[in-house]
Amino acid sequence: MKQMEDKVVLITGAAQGIGFATAKAFAEAGALVALADFDKDLVNKAADQLRAGGYKTLAIVCDVSDDAQVKAMVDKTVETFGRLDAAYNNAGIQNVLADAADQTREDFDKVIGVNLRGEWSCMKYELQQMKKQGNGAIVNCSSIGGILGGAQRGTYHAAKHGVIGLTKSAALEYASKGIRINSICPGIIHTPMLDGMLNSGQTEVIDAMLKSVPAGRLGRSEEIANAVLWLCSDASSFVIGHTLVVDGGYSIQ
Ligand code: NAI
């Protein structure tokens, strides 16, 4: 029997990058996978790609910064697959690089709205379903930006620090109710988000960061996916409120 045989998982930001790799890992582990993303064409393509491999998938268009869409996303998953065993709240965006004195209110609201309030909203509606079932596992996506500072990245880092606080607090509330909630902190992972940073002229900063990765290379999306899979599986049944750093050793220096 496969590790996640017939389990139902919901993944946000699943159209590409880490989210898609995680959807693929869960599908290969036997799960029924709801892929959610605000990019309609990309998420349909991603779900079709997995379906072509013989896996059961569902594509949902959802902007996680909109509570009504988040509620509808959870409802659609449960209507289609009957329950919700696991969720990976992964959707996230970068902030516009700027010193604190120059950051705009608009960018602050946008980044916090997706990276922090979006994860809060996803977790809230997922928990409403998992409470009814009396079980479930949730992983929230933080970052090494959730445990370290980053010049010109204050809003992103604030949101990612916040995710860890939300995770630990909710984990306490549901630990005795059969629901485990953990967070993951990816290091520098090669995804379209990283390509976007390189294309926007952040090559020098990324190169400098890479020189400080003890593993000596970029991480792969599959390496985050495997960690999320473990956190959602029974193999981690006593792991609660944990912040799992997967960064090639970057943050231990
Ligand atoms: P990506 O940009 O390659 O993919 C993110 C996906 O989220 C895209 O498909 C995008 O359409 C979707 N998305 C963005 N805003 C959304 C919204 N409001 N509602 C629904 N979907 C939305 O990003 P990547 O690199 O795969 O990152 C995934 C997560 O991992 C993010 O939360 C990011 O902050 C985090 N992370 C990434 C790192 C990296 O080095 N790539 C490092 C640490 C954390």
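Everything that follows concerns the structure shown earlier in this document.
Residues numbered from 1 in each chain as written. Predicted model: local features only at pLDDT ≥ 70, side-chain atom pairs only at ≥ 80, totals over all residues. Heavy atoms only, no water.

Can you explain the overall build of the protein? Please cite residues and give values.
Per the secondary structure count, the protein includes nine helices and seven strands. Its C-alpha atoms give the protein a radius of gyration of 17 Å, within 12% of the compact-globule value 18 Å for 253 residues. Overall, the C-alpha framework of the protein stretches about 45 × 35 × 35 Å when taken along its three principal axes. The buried share of the protein, taken over its 253 residues, is 51%. Carbon and sulfur atoms provide 53% of the accessible area of the protein, an area that totals close to 11700 Å². Here the protein contributes 24 positively and 28 negatively charged side chains, and the mean placements of these two sets differ by 6 Å. (Helix = DSSP H or I, 4+ residues; strand = E, 2+ residues; numbered from the N terminus. Rg over C-alpha atoms; globule rule 2.2 N^0.38 Å. Buried < 20%, exposed > 50% of the residue type's maximum accessible area, 1.4 Å probe, protein only. Areas by Shrake-Rupley, 256 points an atom, 1.4 Å probe, with all protein chains shown as cover. Lys, Arg positive; Asp, Glu negative; His and termini not counted. Charge placed at Lys NZ, Arg CZ, Asp CG, Glu CD.)

Outline the packing of aromatic side chains, listing residues and values.
Counting across every chain of the model gives zero aromatic pairs. Its end group placed over the ring of Tyr174, Lys177 keeps NZ or CZ at 5.8 Å from the ring centre. (Phe/Tyr/Trp six-rings, centres within 6.5 Å; stacked < 30°, edge-to-face > 60°. Lys NZ or Arg CZ within 6 Å of the ring centre and 35° of its normal.)

How would you summarise the site of the ligand if you had to cite specific residues and measurements?
With respect to spatial proximity, 27 residues lie near the ligand, and among them Asp37, Asn90, Tyr156, Ile189 and Thr191 are the closest. Between the ligand and Ile18 there is a distance of 2.9 Å, counted from an oxygen atom to a backbone nitrogen or oxygen. Separating an oxygen atom of the ligand from a side-chain N or O atom of Lys160 is a distance of 2.9 Å. Calculation on the ligand without its partners gives an accessible area of 830 Å², and the protein chains cover 93% of this total. At the level of secondary structure, the elements contributing two or more residues to the shell around the ligand comprise α1 (17–28), α6 (154–174) and α7 (192–199). When its residues are assigned to classes, the shell around the ligand shows 15 nonpolar, nine polar and three charged. (Near = heavy atom within 4 Å. Polar contact = N/O pair within 3.5 Å; in protein donor to acceptor, adjacent residues only side chain to side chain. Nonpolar A, V, L, I, M, F, W, Y, C, P; charged D, E, K, R; others polar.)

Explain the sheet that holds strand β2 (residues 32–37) residue by residue, including any values.
Taken in spatial order, the seven strands line up as β3-β2-β1-β4-β5-β6-β7 in an open sheet, and their pairing is parallel. Edge positions in the open sheet fall to β3 (57–61) and β7 (243–246), since each of these has one partner strand only. Between one strand and the next, the sheet's axes are offset by a mean angle of 20°, whatever the strand orientation. Where helix α3 (residues 67–81) meets the sheet, it contacts β1 (8–12), β2 and β3, and its direction lies at approximately 160° from that of β3. (Pairing = 2+ DSSP bridges. Axes fitted to C-alpha atoms, helices over the stretch in contact; angles between N-to-C directions. Contact = heavy atoms within 4.5 Å.)

Provide a residue-level description of the environment of Leu166, including the pertinent values.
One can find Leu166 in helix α6. Exposure remark for Leu166: the relative accessible area of 24% places this residue in the partly exposed category. When the C-alpha atoms of Leu166 and Trp120 are compared, they prove to be 7.2 Å apart, with 46 residues separating the residues in sequence.

Residue-level account of the packing of α1 against helix α9 (residues 221–232), with values.
α9 packs onto α1 with a crossing angle of 55° between their chain directions and a minimal axis gap of 8 Å. Between α1 and α9, the angle falls in the class oblique. Between α1 and α9 lies a crossing of right-handed hand. Residues Gly17, Ile18, Ala21, Thr22, Ala25 and Phe26 of α1 form the contact with α9, whose own contacting residues are Ser221, Glu222, Ile224, Ala225, Val228, Leu229 and Cys232. (Parallel < 35°, antiparallel > 145°, perpendicular 65-115°, else oblique. Left-handed = near helix turned anticlockwise from the far one by under 90°.)

Quick one: what's the story with the side chain of Ser142, residue by residue and with numbers?
Here Ser142 shows up in the loop between β5 (136–141) and α6. A residue is classified by how much of its surface remains accessible, and Ser142, at 1% relative accessible area, is buried. A distance of 2.9 Å separates the side chain of Ser142 from the backbone oxygen of Lys160, its partner in a polar contact.

Outline unusual backbone geometry, listing residues and values.
Non-glycine residue Asp6 carries a positive phi angle of around 60°. The residue Asp6 is located in the segment before β1 in this model. Even without being a glycine, Gln152 presents a positive backbone phi close to 70°. Within the secondary structure layout, Gln152 lies in the loop between β5 and α6. Judged by its relative accessible area of 32%, Gln152 falls in the partly exposed class.

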